[in-house]
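One letter stands for each residue in the lines below.
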Amino acid sequence: MTVTAIVLAATTTLTLAGCKATPKTEVARRPNILLIVADDLGYSDIGPYGGEIATPALDQLAKEGLQLSNFHVLPTCSPTRSVLLSGMDNHRAGLGTMGEFTTPEMEGIPGYAGYLNFGVAALPEVLERAGYHTYMAGKWHLGLDENTSPHARGFEETFVLLQGGGSHWNDRKPISPPETMVYQRNGKEVESLPDDFYSTRYYTDRTLEWIEQGRADDQPFFAYLAYTAPHDPLHAPKAYIDKYEGKYDRGWDSLRQERLQSLKKLGMVPKGAVAFPRLPTVKAWDDMSPEERELAARDMEVYAAMVDYMDEQIQRVFDYLEEIGEYDNTMILFISDNGANGSLPTAYPGQTEEYLGSFDNSLDNRGLPGSYIEMGPGWAQASMSPSRMFKAYPTEGGIRAPLLVKVAGKPARPGTMNGSFVHVRDIMPTLLEVAGAGKPDVIDGRKVLPMQGQSVLDLFTGRSEKAYPGADRVGYELFSFKAFIDGNWKIVWMPKPLGTGEWELFDLSTDPAEVRDLSADRPDKLQAMVALWNQYKEDNGVLDIVPEIAK
Ligand SMILES: [Ca+2]
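In this text, all values refer to a predicted model and were calculated from it rather than measured experimentally. Each chain carries its own residue numbering, running from 1 in the written order of its sequence. Residues qualify for local features only when their pLDDT is at least 70, as the model is predicted, and side-chain atom pairs are given and counted only at 80 or more; totals for whole chains, interfaces and linings, by contrast, use all residues. Each side-chain value is derived from all of the structure's non-hydrogen atoms; neither hydrogens nor water enter the calculation.

### With respect to the confidence of the model for the protein
Residue-level confidence of the predictor is what pLDDT reports, using numbers from 0 through 100. With 95% of its residues at a pLDDT of 70 or more, the protein has an overall mean of 94. Every residue in residues 1-27 is under pLDDT 50, and counting partners more than four places away or in other chains gives 20 contacts. Contact definition: two residues touch when any of their heavy atoms are within 4.5 Å.

Here it is in structure tokens:
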């Protein structure tokens, strides 16, 4: 262990005031923060969560740090990102609904602005003012103009995709015709991308470049590496797709069971848990024609290739940090922003058959430039096994996500798995504590709302086994789908046929797949939980609006 590492390990237990007494200047240097977000990555895709995709960098991160089995996010991209970067409920931060789905009734309501509103302090705004370099490469999805760009919200260096998705190559083909793909560099539109552009590598290159450039001074950095992988359309370099050839020929029904068994072996789901059944919209693998199976298996090969490639790029960042002697002094977090994506591209607003028909999705071109494929509900169910549904729903399949974290210095108990419920709202307050930055009331003369999340740093460092009291009490509403979690209890409301059109009640400790509705057996519990949701609705200004997609 180097002197710096020893000193830093010691300082993680001290307040900033405590640091002042220590003579060496390096001691006063606060840790760097690297926040890596994968887009639509399923719960059990990566090695530490039992997945078969090769992810050695993330395997290593899990061994060095802490792995949470009960981390929760929101059901879709921008709502989760609004909470991640504000520590606030999405209805407070401006993403009461996704920007793509705002309706006239929402006009003028800050909680439904469709961008990260100015009533909240953005994480980079606070860290920048606390003396951090702030870098962001990847997907923003929290505002489309210069004023609401990440550069305007506190990121000093940015290279970002403003929208929610699109091609991973340089052709900038959007996910549906009315969308465009706008890349911005520090608030200004980027005219063209290099010929060999591939999203995951390009975002990594920029991040490394800025970290290198920032070494000229003593400021620590906060790097937000918001990969767009493995969001659809699924794209990956051919050599990586080839690596997975034949690996998914057994099909999604087998994979769903295998992933469940792996999670049981790791102790991450109860032994008695069953998987949520295959959805009626998904064909049984055995009933599919050889041609259908070949195409579907290729889709999962491409998906795995994207995750494999991302892991390799994460390794590049780790190697570089080692090389410059900053690895031990960097707090590293890895999360996914929502459950695996089981929707078809026809679900995107403004989609047309004509547009989707313009792509070459022949077997040999799948995943390469000019193709547009997705993992679809069959693989998404496997990726989220044993959970119910996937991205877009407040059932566990939409909101359960991996979280790996390594604090700076040496963690008390490296390689620990912890089952405490932690929510994405708690990330920002935790990082502010790490940075020694207070929670602001005012930023640039703007009064901001008091943060709802709380620090879970003691849990991350291993000083505590549990998060703060109440960390496991959280409400949900998106697209009129609702849920509330209180410890092991959870209520869910979804319209028929997704749900029952009534509140359902589940005990997640024995039924993580939400297959046994206890609402009739425990009316008392149900009533108490519904009261909690009603209070949540009131506290956060949740509107009663049912969008077209939920009808
Ligand atoms: Ca996402």
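### Focus on the sheet that holds strand 14 (residues 473-478)
Whether two strands pair depends on DSSP finding at least two bridges between them. For the purposes of this entry, the term helix denotes a DSSP run of H or I that reaches at least four residues, the term strand denotes a run of E that reaches at least two, and both are numbered from the N terminus. Read from one edge of the open sheet, four strands run 14-15-16-17, paired in antiparallel fashion. Each having just a single partner strand, strand 14 and strand 17 (503-507) make up the two edges of the open sheet. When the angles between neighbouring strand axes are averaged without regard to direction, this sheet yields 15 degrees. Note that strand 16 (residues 489-493) and strand 17 share five bridges and pair antiparallel. Among the inter-strand pairings, Val492 is bridged to a residue of strand 17, identified as Glu504. To get an axis, fit a line to the C-alpha atoms, keeping to the stretch in contact for a helix; angles then go from 0 to 180 degrees between the N-to-C directions.

### Examining the coordination of the calcium ion
Water is not among the atoms examined, so metal sites may look incomplete; donors are the N, O and S atoms within 2.8 Å of the metal, or within 3.2 Å for Na, K and Ca. Coordination of the calcium ion by the protein involves Asp39 (OD), Asp40 (OD), Cys77 (SG), Asp337 (OD), Asp337 (OD) and Asn338 (OD1), with metal-donor separations of 2.2 to 2.5 Å. Think of it this way: with four donors and all angles in the 85 to 135 degree range, the site is tetrahedral; with four or six donors, opposite ones beyond 155 degrees and the rest between 65 and 115, it is square planar or octahedral; otherwise it is irregular. Here the calcium ion binds six donor atoms, and the angle range of 54 to 168 degrees at the metal identifies the geometry as irregular. One chain supplies every donor for the calcium ion, spaced along it as D-D-x36-C-x259-D-N. Both residues of the pair, Asp337 and Asn338, belong to the buried class. For each residue, the accessible area found with a 1.4 Å probe, counting protein chains only, is set against the maximum for its type, and the residue is called buried under 20%, exposed over 50%, and partly exposed in between.

### Describing helix 8 (residues 199-214)
Between the first and last residue of a helix there are one fewer steps than residues, each counted as 1.5 Å, and that sum is the expected span. Between its first and last C-alpha atoms helix 8 spans 23 Å; for 16 residues at 1.5 Å apiece the expected length is 22 Å, and the two agree. Looking only at helix 8, the buried set comprises Ser199, Thr200, Tyr202, Tyr203, Thr204, Arg206, Thr207, Leu208, Trp210, Ile211 and Gly214.

### Some words on the packing of helix 10 (residues 252-265) against helix 13 (residues 376-383)
Taken N-terminus to C-terminus, the directions of helix 10 and helix 13 make an angle of 15 degrees; their axes are 8 Å apart at the nearest point. By the angle class used here, helix 10 and helix 13 are roughly parallel. Where helix 10 crosses over helix 13, the handedness of that crossing is left-handed. Counting all contacts with helix 10, which are made through Trp252, Leu255, Arg256 and Arg259, the residues of helix 13 involved are Gly378, Trp379, Gln381, Ala382 and Ser383. Angles are sorted into four bins: roughly parallel if under 35 degrees, roughly antiparallel if over 145, roughly perpendicular if 65 to 115, and oblique for all others. Here a crossing is called left-handed whenever its near helix is offset anticlockwise from the far helix by less than a right angle, and right-handed whenever the offset is clockwise.

### Some remarks on the pairing of strand 7 (residues 221-226)
Within strand 7, six of the six residues are buried, which leaves it mostly tucked inside the rest of the structure. Side chains Phe221, Ala223 and Leu225 project from strand 7 onto one buried face, and the interleaved Phe222, Tyr224 and Ala226 project onto a second face that is buried too. Sheet topology note: the strand 1 (residues 32-38)/strand 7 ladder contains five bridges and is parallel. Residue Ile33 lies in a different strand from strand 7, and its bridge partner there is Phe222. Note that strand 3 (residues 133-139) and strand 7 share six bridges and pair parallel. Looking at strand 7, one finds that Thr134 is bridged to Phe222.

### With respect to the environment of Lys139
Within the fold, Lys139 resides in strand 3. Residues Lys139 and Gly164 lie 25 residues apart in sequence; the distance between their C-alpha atoms is 6.9 Å. Setting aside residues no more than four positions away along its own chain, Lys139 makes contact with Asp39, Cys77, Arg81, Leu161, Gln163, Gly164, Tyr224, Ala226, Thr228 and His231. Here Gly164 takes part through its backbone oxygen, which lies 2.6 Å from a polar atom of the side chain of Lys139. Counting of polar contacts relies on pairs of N or O atoms within 3.5 Å, with two restrictions inside protein: one atom must be capable of donating a hydrogen and the other of accepting it, and residues adjacent in sequence are counted only when both atoms are side-chain atoms.

### A closer look at the nonpolar core
Residues belong to a common nonpolar core when they are buried Ala, Val, Leu, Ile, Met, Phe, Trp, Tyr or Cys residues joined through side-chain atoms within 4.5 Å. The biggest cluster of nonpolar side chains holds 159 residues, and the ones touching the most others in it are Phe71, Phe222, Tyr224, Phe334 and Phe460. The element that contributes the greatest number of residues to this core is helix 11 (residues 290-323), accounting for 16 residues. Leave out the neighbours within four places in its chain, and Phe222 touches Ile33, Leu35, Leu123, Leu127, Tyr132, His133, Thr134, Tyr135, Phe155 and Leu431.

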